[in-house]
Amino acid sequence: LKVRGNQRFVADSQNAFHGTSCSGIKGRQQGIFGTGLFDEGHFIVFKEWAGTVKKIGFFRTYLELFSDMTTVSIPNAEFVKNPVKNYFGRTKFIYKWDLDLPYDTTPQKIKTLIEKLKDLILSKPEVNPDMTWIYLDRLDKYSKVVRVWFQAHLPNWPRSLYYGSEVLGEIQNLFSELQLEFAFPTQTVELKNGTVVQRKTDLDVLLPEVDLKKSKQ
């Protein structure tokens, strides 16, 4: 068999390519395709990026960002070493909101609100009643906080965005019906002859007065 020098070089290069480079490429492909991390068209969150997978190449994956529709290319090896959140095929979504009420809201009004919120949320067929919690969570610095926490079964991630907005709108309507208001940060100041009186902090009240001259003796 007679092989010209340049032909032999090509053959040797191909052998070397199939023996080394292809194995490296195969390994990178398996890191994306073989493990089922994601596929083209999936919406994923990876590190500081969130967007739709537009193309998966041998060495890099191209992600169209949800924030500004620009495209970033990410080395495939990074996906194997770091966690990836994939929203494709997801049908269960958790919603968790803290509703702040003013401190002058009576306990009875809060109790009524919680009952009405339970009626509202649990009346929805897509809501899982075993994964629903609505309760007075805490007495915060500026407000009394009612927590709404539930799971809903929805067809896809885009629908979950609109669903949350719809439920929040219904909660606002419920507040109006019950003549309740949402709290906002407030602060009480003491005035003396039109001048704000500097109030001591809790820390100042708790600390005993110490005579520094005596403490040095």
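Residue positions are given per chain, counted from 1 along the sequence in the order it is written. At least 70 in pLDDT is required for a residue's local features to be given in this predicted model, at least 80 for side-chain atom pairs to be given and counted, and no such filter applies to totals for whole chains, interfaces and linings, which use all residues. Side-chain metrics in this entry use all non-hydrogen atoms of the structure; hydrogen atoms and water are not considered.

Undergrad: Looking at this model, I keep getting lost on the environment of Glu64. Mind explaining?
TA: Think of it this way: any DSSP run of H or I at least four residues long counts as a helix, any run of E at least two long counts as a strand, and we number them from the N terminus. Examined against the element boundaries, Glu64 turns out to sit in strand 3 (residues 60-65). Contacts of Glu64, omitting those with residues within four sequence positions, involve Ala50, Gly51, Thr52, Lys54, Met69, Thr70 and Thr71. By definition in these notes, contact holds between two residues if any of their heavy atoms fall within 4.5 Å.

Undergrad: I would appreciate a short explanation of the confidence of the model for the chain in the present structure.
TA: A low pLDDT score tells you not to read the predicted coordinates there in detail. Every residue carries a pLDDT, the predictor's confidence in it, which falls somewhere between 0 and 100. Looking at the chain as a whole, its pLDDT mean stands at 81, while 75% of the residues score no less than 70. Confidence over residues 1-31 falls short of pLDDT 50; this stretch has 13 contacts with residues more than four positions distant or in other chains. Below pLDDT 50 for its whole length, residues 200-207 participates in 1 contact with residues either more than four positions away or in separate chains.

Undergrad: Mind showing me how you'd approach the sheet that holds strand 6 (residues 92-101) here?
TA: Strand pairing follows a simple DSSP-based rule, namely that at least 2 bridges must link the two strands. An order of 6-8-7 is seen for the 3 strands of this open sheet, with the pairing classed as antiparallel. Two strands bound the open sheet, and with one partner strand each, they are strand 6 and strand 7 (127-139). When strand polarity is set aside, the average angle formed by the axes of neighbouring strands in this sheet is 15°. The axes are straight lines fitted to the C-alpha atoms, using for helices just the contacting stretch, and the angles between their N-to-C directions are given from 0 to 180°. Each of strand 6, strand 7 and strand 8 (144-153) touches helix 3 (residues 107-122); the most contacted strand, strand 7, lies at about 160° to it. Sitting on the sheet, helix 4 (residues 157-177) touches strand 6, strand 7 and strand 8, and the angle it makes with strand 6 is about 30°.

Undergrad: When you look at the pairing of strand 8 in this model, what are you seeing that I'm missing?
TA: Looking along a regular strand, one sees side chains alternate from face to face of the sheet. The buried fraction of strand 8 is high, at 8 of 10 residues. Here strand 6 pairs with strand 8 via 10 bridges, running antiparallel. Across the sheet, Tyr95 pairs through a bridge with Phe150, a residue of strand 8. When strand 7 meets strand 8, the two strands line up antiparallel, connected through 9 bridges. Residue pairing for strand 8: Thr132 is matched across the bridge by Phe150. Per-residue accessibility, obtained with a 1.4 Å probe over protein chains only, is compared with the maximum for each type, and a residue is labelled buried under 20%, exposed over 50%, and partly exposed between these values.

Undergrad: Any chance you could explain the environment of Asp100 here in plain terms?
TA: Relative to the helices and strands, Asp100 is located in strand 6. A relative accessible area of 25% means that Asp100 is categorised as partly exposed. Contact partners of Asp100, with chain neighbours within four places excluded, come to Ser143, Lys144, Val145, Glu181, Phe182 and Ala183.

Undergrad: What's the story with the pattern of salt bridges in this structure? I'm lost.
TA: Two side chains carrying opposite charge are able to pair once their charged atoms lie near each other. Salt bridges, as used here, are contacts in which a Lys or Arg side-chain nitrogen is within 4 Å of a carboxyl oxygen on Asp or Glu. Counted under the stated rule, the structure contains 9 salt bridges. The closest approach of N and O atoms between Glu170 and Lys124, which form a salt bridge, is 2.7 Å. Of this pair, Glu170 sits in helix 4 while Lys124 sits in the loop between helix 3 and strand 7, and the two are 46 residues apart along the sequence. Under the relative-accessibility criterion, Glu170 is labelled partly exposed at 30%. On the basis of relative accessibility, which here comes to 13%, the residue Lys124 falls in the buried class.

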